[in-house]
Amino acid sequence: MESFFHTDPLTLLAILGMGVATYVTRISGLLLVRFVDLKGRTRAALEAVPVAVLMAVIAPTVLATGPAETGAAIITMLAAFRLPLLGVVAVGVVSVAVLRAALGML
Amino acid sequence: MTISSNTDLRPNDFADGLRAIAPLVVAAFPIALVFGALAAQKGLSPFETMLMSSVVFAGGSQFVAVDFWADPVPWVAITISALLVNIRHVLMSASLGTKTHQMGFGKQLIAFGFLADEIWALSEHRARKQDASFAFMMGLAMPFYINWVVMTGVGSSLGTLLANLDPAKWGFDFAFPAIFIGLIMGFWQGQKTGIILAASGLAAIACKALVPGAWYIAAGAAAGVLVAAILTDPEAVEG
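Criteria and cut-off values
- Residues numbered from 1 in each chain as written.
- Chains lettered and ligands numbered in written order.
- Predicted model: local features only at pLDDT ≥ 70, side-chain atom pairs only at ≥ 80, totals over all residues.
- Heavy atoms only, no water.
- Contact = heavy atoms within 4.5 Å.
- Salt bridge = Lys/Arg side-chain N within 4 Å of Asp/Glu carboxyl O.
- Polar contact = N/O pair within 3.5 Å; in protein donor to acceptor, adjacent residues only side chain to side chain.
- Helix = DSSP H or I, 4+ residues; strand = E, 2+ residues; numbered from the N terminus.
- Nonpolar A, V, L, I, M, F, W, Y, C, P; charged D, E, K, R; others polar.
- UniProt positions renumbered as here; feature names shortened; annotations may be inferred.
- pLDDT = per-residue confidence, 0-100.
- Domains from an automatic or database assignment.
- Buried < 20%, exposed > 50% of the residue type's maximum accessible area, 1.4 Å probe, protein only.
- Phe/Tyr/Trp six-rings, centres within 6.5 Å; stacked < 30°, edge-to-face > 60°.
- Lys NZ or Arg CZ within 6 Å of the ring centre and 35° of its normal.

### Overview of the interface of chain B and chain A
Contact residues are listed per partner, giving 88 residues for chain B and 68 residues for chain A. Joining chain B to chain A, the criterion identifies one salt bridge. Between D173 of chain B and R100 of chain A there is a salt bridge whose closest N-O contact spans 2.9 Å. Here chain B and chain A share 17 residue pairs in polar contact (both at pLDDT 80 or more) between them. The element contributing the most residues to the side of chain B that touches chain A is helix α9 (residues 175–186) of chain B, with ten residues. Tallied by class, the residues present in the side of chain B that touches chain A amount to 58 nonpolar, 22 polar and eight charged.

### Examining the UniProt feature "transmembrane region" (unreviewed entry) in chain A
All names here are of chain A. Mapped onto this numbering, the UniProt entry gives "transmembrane region" (unreviewed entry) at residues 12–33, 45–66 and 72–99. Overall, residues 12–33 shows 100% helix and 0% strand. The separation of its end C-alpha atoms is 33 Å. Secondary structure across residues 45–66 comprises 82% helix and 0% strand; the distance between its end C-alpha atoms is 31 Å.

### Looking at the environment of S200 of chain B
Relative to the helices and strands, S200 of chain B is located in helix α10 (residues 191–210). Separated by 74 residues in the primary sequence, S200 of chain B and R126 of chain B have C-alpha atoms spaced 23 Å apart. Discounting residues that sit within four places of it in the chain, S200 of chain B has contacts with A52, M55 and A56 of chain A together with G220, A221 and G224 of chain B.

### Digging into the confidence of the model for chain A
The predicted model of chain A has a mean per-residue pLDDT of 89, with 98% of residues at 70 or higher. The element-level mean pLDDT for chain A is lowest in helix α2 (residues 40–47) of chain A, coming to 86, with helix α4 (residues 67–80) of chain A highest at 95.

### Topic: the domain arrangement of chain A
Along its sequence, chain A is organised into domain 1 (1–36) and domain 2 (49–105). One C-alpha centre belongs to domain 1 of chain A, the other to domain 2 of chain A; they are set 32 Å apart.

### Thoughts on the pattern of salt bridges
Pairing is possible between side chains that carry opposite charge, provided their charged atoms lie close to one another. A full pass over the atoms with the stated rule returns eight salt bridges over all chains. Here E47 of chain A and R43 of chain A are joined by a salt bridge, their closest N and O atoms 3.4 Å apart. Residue E47 of chain A and its partner R43 of chain A are both found in helix α2; the two are separated by four residues, about one turn of the helix. What makes R43 of chain A partly exposed here is its relative accessible area of 32%. Three or more residues joined by partner-sharing salt bridges are found here, namely D13, D16, R19 and R126 of chain B.

### Some words on the packing of aromatic side chains
All names here are of chain B. Applying the stated criterion across every chain yields a total of seven aromatic pairs over all chains. Plain terms: the ring middles of F57 and F114 are 6.2 Å apart, the flat faces sit at 70° to each other, and that makes the pair edge-to-face. Of this pair, F57 sits in the loop between α2 (46–56) and α3 (59–67) while F114 sits in the loop between α6 (105–111) and α7 (117–129), and the two are 57 residues apart along the sequence. Both residues of the pair, F57 and F114, belong to the buried class. On the accessibility criterion, F114 (16% relative accessible area) is buried. Through a chain of ring-to-ring contacts, three or more aromatic side chains come together here, namely F57, F114, F144 and Y145. The ring centre of F134 lies 5.7 Å from the NZ or CZ of K107, which sits over that ring. In this structure, R128 packs its charged tip against the face of F187, placed 5.6 Å from the ring centre.

Below is the structure:
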């Protein structure tokens, strides 16, 4: 059990630093919108945040990894027109697994 | 806002949150195991791994930190990298913050501590049609959080046994892009959305190709947001 609980001060410091940094980023936007008057371009910019962030996170994976990922992304997009979110996830996972296997065999 | 504060206590909202997050808990399972195994290889004990998962609760920055973990631990560099990797949360919390006033600032400070990408995205999705309440966000956060802390600990304990586990083999790694694609389509509002997506995607890919590290997310998000601000007719959205 000794190795299970093994730790040292620098590791604890790093974990604490990461935790504080992460929490600060997660609430600073909250503070920002409390004190900034939102209208005009600022408001339009904020309304674009969801799509802009979501796209930025996935773009390298779905557009610049390989044909299997890009193909699966297109299939997933089409599925999203018809299926609920759970179905969309299932279609994405299955289609990327099948495409990777199929392209791997070529 | 005069929506009664007892909306926070609706049990249905909590159950809705549990239902919405369920598939992502399953998908996060192998990813948490892999994180634990990687941390073990870098010399972190299971206790340290679980402590990090419970205090930080941000997969992306945890993977980055473990990647350049060394002895002695470069804690300043690790803290700065967590700040950079998570800088997108500033935009995310600003956006969701305007849609969750009704829960009150105190509860926002608690709920937003759990603002992992998946929890944020599902909350934004919910807020489009109804109230993303405190109960709903807790329904999302609790299972995801417990799963992350426990399974990274299990992965760390099993350590090298899991070195060959590859989430990509079964397509589990694609669950997160898939749900993000589904959510993007939910936000679709015509041509303008397409232009924002193009700007964000191109900037992210270009930045990832040119700059090492996780800057691409901030770059893509900034490009998309800027384009949206430029495209807007300020008169039209006033008020």
